[in-house]
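Chain by chain, the residues run as shown.
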There are 4 protein chains.
Amino acid sequence: MIIVLKPHTSEEDKKKLLERIESLGLKPMISQGVERTIIGVIGEEDVLRVQPLEAFPGVEKVIPVLAPYKLVSREFRPENTVINIKGTEIGGNRISLMAGPCAIESRESFMAIAQAVKKCGVNILRGGAFKPRTSPYSFQGMGEDGLKIMHDVGGELGMITVTEVMDPRDIELIQKYVDVLQIGARNMQNFNLLKEVGKTSKPVILKRGMMSTIKEFLMSAEYILNEGNFQVILCERGIRTFETYTRNTLDINAVPAIKQLSHLPVIVDPSHATGRWGLVEPASLASVAAGADGLLIEVHTHPEEAVSDGPQSLTPKNFFRLVGRVQSIAAAVGRKV
Amino acid sequence: MIIVLKPHTSEEDKKKLLERIESLGLKPMISQGVERTIIGVIGEEDVLRVQPLEAFPGVEKVIPVLAPYKLVSREFRPENTVINIKGTEIGGNRISLMAGPCAIESRESFMAIAQAVKKCGVNILRGGAFKPRTSPYSFQGMGEDGLKIMHDVGGELGMITVTEVMDPRDIELIQKYVDVLQIGARNMQNFNLLKEVGKTSKPVILKRGMMSTIKEFLMSAEYILNEGNFQVILCERGIRTFETYTRNTLDINAVPAIKQLSHLPVIVDPSHATGRWGLVEPASLASVAAGADGLLIEVHTHPEEAVSDGPQSLTPKNFFRLVGRVQSIAAAVGRKV
Amino acid sequence: MIIVLKPHTSEEDKKKLLERIESLGLKPMISQGVERTIIGVIGEEDVLRVQPLEAFPGVEKVIPVLAPYKLVSREFRPENTVINIKGTEIGGNRISLMAGPCAIESRESFMAIAQAVKKCGVNILRGGAFKPRTSPYSFQGMGEDGLKIMHDVGGELGMITVTEVMDPRDIELIQKYVDVLQIGARNMQNFNLLKEVGKTSKPVILKRGMMSTIKEFLMSAEYILNEGNFQVILCERGIRTFETYTRNTLDINAVPAIKQLSHLPVIVDPSHATGRWGLVEPASLASVAAGADGLLIEVHTHPEEAVSDGPQSLTPKNFFRLVGRVQSIAAAVGRKV
Amino acid sequence: MIIVLKPHTSEEDKKKLLERIESLGLKPMISQGVERTIIGVIGEEDVLRVQPLEAFPGVEKVIPVLAPYKLVSREFRPENTVINIKGTEIGGNRISLMAGPCAIESRESFMAIAQAVKKCGVNILRGGAFKPRTSPYSFQGMGEDGLKIMHDVGGELGMITVTEVMDPRDIELIQKYVDVLQIGARNMQNFNLLKEVGKTSKPVILKRGMMSTIKEFLMSAEYILNEGNFQVILCERGIRTFETYTRNTLDINAVPAIKQLSHLPVIVDPSHATGRWGLVEPASLASVAAGADGLLIEVHTHPEEAVSDGPQSLTPKNFFRLVGRVQSIAAAVGRKV
């Protein structure tokens, strides 16, 4: 940690600060500049992180040197984490494709969509039973009935199932029916929820909050790993910016950046990241080219009748074309789908 | 709702769309332009809101006309909502001052801070017992022990108490100890939590998410009112922008904008909105000048020892000066503190 | 300047870096931490600023310690700069009101507006002759004809005149007709234009770019001062954020922040900062409460016929009310209008 | 254009508005809803764009239906624009690679870099002679001396040359020395500069402003085409967001979005879009996968000695590897380098 003092800080204030640092078992190193004094602090930085040194008189700013996360970092684990779900690997050489509707609407429509995506070679099936909706008047999901449908369809077709969990009270129920728990963007900093999924033995897809930095994203993953669950898949799904032509701005830089900073698998959700089905394919190709380990895509047999996210859903026909093109890009970067 | 069609949309696509609209009991009005066809839809717009008309072939964009919230709107209730808590009114002519530490750290320090702010004329006391922290390694709050301290100190000094609730499972406990429930910025779209506080009889301070638009903010309040709890206080606490000199950007425009759009009281948290104690006073004065009904301010007797948010906490001395100046501004806009 | 090395940086890379620092006449101070090495650099930091030390092998990040501006800083000049224009002071105890239409449209309409704002006690008249417009098909301003109108009307009514300069080639012409040059938000980083106005003897209103940080804003002012012109008035006019309800987000925090960082006068343009005339008054009151030295407001006798910015223009009647309320707020903070 | 009226708008206000619309030769179509009246306007929308209908009493909002640009739109020209520079095509099947240092620093270093990138198969050489720098104290470019070096090196190696123009007064000079004019991000809305390059016969690379929407970007291109110069290459170079880990956020969505909206070639500058050389390669691959027609990359033989942008410059060795990988991705999407 580096502490920069204001010009003309009194000797007394400086002394108080140094005493505090030393009282924590740390060693301050003073660099006396022409205009500023800088104090480098040697030792366990974590001790200092919880200390509001910026509130000391005379302190201009405090600059942390080390990343505030540990378990998720590449320094902690240099090799890639590969998560194995019923024999399917995520984070290895293969690009993982996950597809399905935004929300489960009925057994028939969900089965039809699942069959359609399976035909395209997908074996991870997504679908929402509990839906976070901006409006209290919008469809809130089928709840447990939806979970049962997901369980049955997944079982029948031999597909791995993924669904969102919004409330710590629902985890027990959801666990019984599905294979992978998803934390949505709006809950990325719902810390109690993170702790609870960290206590389960299920793999977790953690979506980046739409206004969360890469650092905060990794800190939220740290919450899950810190509870003992290392099966975390990070999902970039677009961030909120001033641009309104697209629903969100796909932060493609984040994909290789996170791969450098962390050992966890990184996937991209191009459906939310663009909000327009006509952009989902190029965004998918870009993601795989940039190093993503997988894609999470909204597919619907009848987008114009979907109760949610219709404008960004692909038809099975368009999805089939996308899969073919993703295969070409995967091959170009030495991977397979 | 207005639907804009793409140029060269086929008659068949147009027909399908019109049939769908009529099947919902609505009446489409067609304006045939030189380059575009526009369809105005007359009737209960709510029916259409859940229909993904944008996914229909031929549809370029769908523009809602009405605000998607009802109960929170000024149109629903033209006069200001005034919330009465043990005889203290929020949203009336008086500016409400709420102050206290970010987190409750011990009985002694909390009592000292409470006494200090009470001396400045404040009778609403804030303090966190459950703290949402970016890092799992940071202090997470004293939990129920903190609630007990808050309850005792509030009772002894005759002050109204406010604390944050992060988890639906904690509501029952928290209700027993405090007067006002606060929903933090990170939980503004934790919809299950909103529903649960909507079922209580406690006033709720709802903080704006740092990434949320004014519209989304009002929609989240709608969730609470929709459960029957109309005692909602909206709190602007700064939004996230590209500017990094301050912790957040206080969206001062939002104060009069929300007062125009909604009947609910609006307060400002200048501590989080600036992140620098040296800016808290001018931000407070600006908020009251812009029409805010109250201020929520972090005060600490020893900011340099606070376990959380020290850099943005005011000392009692600086807070006392602030209260005096707020009184002058309040008088200038015809109000009292 | 502080340099943080990557873990496991080789001794050779470290040596090369230290040699470079010493070759610039600077003294490196090494702090060897458990996980990281930190190098503090003592001496003239400016020498280092232009050196891409981040590109050296082994360097993780480089953190500047000193602000990159000098002439505009409070440290350079502790007392407030007060600019005197024909006997009117800007930056002193009085709040400066500047008003007029977005664009000069005709002699008659400009005279009518000027008379109206003068009646409200305003003696600084604004109006655009060269207009930066997003579309090439929009009205681009009256050019020199507009300047002549401004000159005549200003002379007749004894008002100080302000107009925008967009092109270094126009400065000579504009100087002949008006008293104060304005640099628009889109040109805040048009560095050649900044240099040219820096060579004139006219006061300059520099508007903050909608995408510019406070630091960049001050750096742009530094360009003007560096050419010898210290008569610079900084104007906060709203920044671009994700919020779309308002045209821009008034960064009210920037007002006191800049007053702390710099000695230059700071004014606010609430018309652009809100984009809605119904919010101009509360934004004006907030600005003065936060410490602004003046306001720049769009007024039009017939907003619905204005060729530009009609939706954010005040009628003289609404402006008159605003001036009265600004007087009350000014008095509350110990100032006058 | 669609006009939404406020509830309870008086008949008189409505009448005034309709009269204004009709006086412009347009035909209003009224849709009377339960809660709102909507007016669709049929006819030349351009006439209305300059009219501030939002300032009329009773008007809630005005929604344009047509895109405000014409010449740059796909509707105006459905096939891709291919720009031919001395036999090299930009915007056709081949991916164009443009590379070189941020700034021209000396004849020797520029020649060395040019030779290095030529060896990698690049025949478009970039380099700055006039540099827009945030600080007046930073290196501002070699000016005409730099142009001469560029001209000589380009001539000797048979490469096409690109340099930035910052000031309308420099265009005549720059034109004499280089093949392609570049407008930097900070000047994207320097409208006079756009008009002036529009009057030349040189191809223009127009960089997107870091806080400009796709629509504004296209409007700025429209300024150039409107002067008769259709040889415009649009360059996405990252936008400013809240994320600070990277220098900018590469808006990868913008690449296919602009290709759908416009016929102009689109290239990407991954150096500025990431600001970290370690991310330049994945960002380049993503850009080509998403449909970019070319890449503009900073290469320096000694990044640690570069006077500008060292941290984001690639060494020739890393650039060589990048070119090989871009070839693979290009092949995967049916194109060549």
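Residues numbered from 1 in each chain as written. Chains lettered and ligands numbered in written order. Predicted model: local features only at pLDDT ≥ 70, side-chain atom pairs only at ≥ 80, totals over all residues. Heavy atoms only, no water.

With respect to the overall build of chain A
Across its full length, chain A carries 11 helices and 14 strands. Along the three orthogonal principal directions, the C-alpha set of chain A runs to about 75 × 45 × 40 Å. Looking at chain A residue by residue over its 337 residues, the buried ones come to 65%. By sequence separation, contacts in chain A at least 24 residues apart represent 67% of the contacts at least 6 residues apart. A total accessible area of about 11,300 Å² is found for chain A, and carbon and sulfur atoms account for 49% of it. Computing the positive centroid from 40 side-chain charges and the negative centroid from 39, chain A places the two 3 Å apart. (Helix = DSSP H or I, 4+ residues; strand = E, 2+ residues; numbered from the N terminus. Buried < 20%, exposed > 50% of the residue type's maximum accessible area, 1.4 Å probe, protein only. Contact = heavy atoms within 4.5 Å. Areas by Shrake-Rupley, 256 points an atom, 1.4 Å probe, with all protein chains shown as cover. Lys, Arg positive; Asp, Glu negative; His and termini not counted. Charge placed at Lys NZ, Arg CZ, Asp CG, Glu CD.)

Some points on the interface of chain A and chain B
Facing the 46 residues of chain A at the interface are 46 residues of chain B. Contact between chain A and chain B buries roughly 4,200 Å² in total, counting both sides, with carbon and sulfur atoms accounting for 54%. For the chain A face of the interface with chain B, the top three residues by lost area are Y137, M211 and E304 of chain A, together amounting to 15%. Linking chain A with chain B are 4 salt bridges, by the criterion used here. Note that R240 of chain A and E216 of chain B form a salt bridge whose closest N and O atoms lie 2.6 Å from each other. Joining chain A to chain B, the criterion identifies 20 residue pairs in polar contact (both at pLDDT 80 or more). (Buried area = accessible area lost by both parts, 1.4 Å probe. Salt bridge = Lys/Arg side-chain N within 4 Å of Asp/Glu carboxyl O. Polar contact = N/O pair within 3.5 Å; in protein donor to acceptor, adjacent residues only side chain to side chain.)

Examining the packing of helix α10 (residues 277–289) of chain C against helix α11 (residues 316–332) of chain C
Residues and elements named next belong to chain C. Between α10 and α11, the shortest axis-to-axis distance is 9 Å and the interhelical angle comes to 20°. Taken together, the axes of α10 and α11 are roughly parallel relative to one another. For the pair α10 and α11, the crossing hand works out as right-handed. Residue-level inspection shows W277, V280, E281, S284, L285, V288 and A289 of α10 in contact with α11, the latter providing N318, R321, L322, R325, V326, I329 and A330. Taken together, the residues that form the contact of α10 with α11 break down as 9 nonpolar, 2 polar and 3 charged. (Axes fitted to C-alpha atoms, helices over the stretch in contact; angles between N-to-C directions. Parallel < 35°, antiparallel > 145°, perpendicular 65-115°, else oblique. Left-handed = near helix turned anticlockwise from the far one by under 90°. Nonpolar A, V, L, I, M, F, W, Y, C, P; charged D, E, K, R; others polar.)

Structural notes on the relation of the copies chain A and chain B
For the pair chain A and chain B, the relating rotation is 180°, the translation along its axis is 0.0 Å, and the fit reaches an RMSD of 0.0 Å. In the structure described here, the two chain copies are related by an operation that fits a two-fold rotation axis. Considering only C-alpha atoms, the residue of chain A closest to the rotation axis is M211 of chain A, which sits at 2.9 Å. When the interface residues of chain A are mapped onto chain B, 100% of them again fall at the interface, so both copies present the same face. (Least-squares fit on C-alpha atoms with pLDDT ≥ 70 in both.)

Considerations on unusual backbone geometry
In this model, K86 of chain A sits at a positive phi of 50°, which is unusual for a non-glycine residue. In this fold, K86 of chain A is placed in the loop between β5 (83–85) and β6 (88–90).

Considering the domain arrangement of chain A
You can read the domains of chain A as domain 1 (2–63) and domain 2 (83–332). For domain 1 of chain A and domain 2 of chain A, the distance between their C-alpha centroids amounts to 44 Å. (Domains from an automatic or database assignment.)

Some words on the pairing of strand β7 (residues 96–100) of chain A
All names here are of chain A. By the criterion of burial, β7 is predominantly enclosed, with 5 of the 5 residues buried. Neither face of β7 is exposed, since S96, M98 and G100 on one face and L97 and A99 on the opposite face are all buried. The pairing of β7 with strand β14 (residues 294–298) spans 5 bridges and is classified as parallel. By the bridge assignment for β14, A99 is matched with I297. Handedness of the crossover is the feature at issue here: the chain leaves β7, passes through helix α3 (residues 107–119), returns alongside strand β8 (residues 124–126), and the resulting connection is right-handed. (Pairing = 2+ DSSP bridges. Right-handed = clockwise from strand over helix to strand, strands pointing away.)

Looking at helix α8 (residues 254–261) of chain A
A large share of α8 of chain A lies buried, amounting to 6 of its 8 residues. Buried residues of α8 of chain A: A254, V255, P256, A257, I258 and K259 of chain A, and no others. Looking at the buried side of α8 of chain A, the elements it contacts are α7 (214–226), β12 (232–236), β13 (266–268) and α10 (277–289) of chain A together with α10 (277–289) of chain D.

Some thoughts on helix α1 (residues 11–23) of chain C
All names here are of chain C. Taking 1.5 Å of rise per residue, 13 residues should cover 18 Å, and α1 covers 18 Å from first to last C-alpha, within 8% of that figure. When we look at burial in α1, the residues that qualify are K14, L17, L18, R20 and I21. Here the buried residues of α1 occupy an arc of 160° about the axis, which is enough to place them on one side. The exposed residues of α1 that point more than 90 degrees off its buried face are E11, E12, K15 and S23. Looking at the buried positions of α1, the neighbouring elements they touch are β1 (2–5), β2 (27–32), β3 (37–42) and β4 (59–63). Phi turns positive one or two residues past the end of α1, at G25, with a value near 80°. (Expected span 1.5 Å × (residues − 1). Arc of directions from axis to C-beta.)

Quick notes on the sheet that holds strand β13 (residues 266–268) of chain B
Sheet strands associate in pairs through backbone hydrogen bonding, adopting either a parallel or an antiparallel arrangement. Residue and element names in this part refer to chain B. Strands sit in the order β7-β8-β9-β10-β11-β12-β13-β14 around a closed barrel of 8 strands; the barrel is parallel. On average, each strand axis in the sheet is tilted by 25° relative to the strand beside it, whichever way the strands run. In terms of strand pairing, strand β12 (residues 232–236) meets β13 through 3 bridges, oriented parallel. What sits directly across from L234, in β13, is V266. Set on the sheet, helix α3 (residues 107–119) makes contact with β7 (96–100) and β8 (124–126); between it and β8 the angle comes to about 145°. In the packing of helix α7 (residues 214–226) onto the sheet, the strands contacted are β11 (204–207) and β12, and the crossing angle to β12 comes to about 160°.

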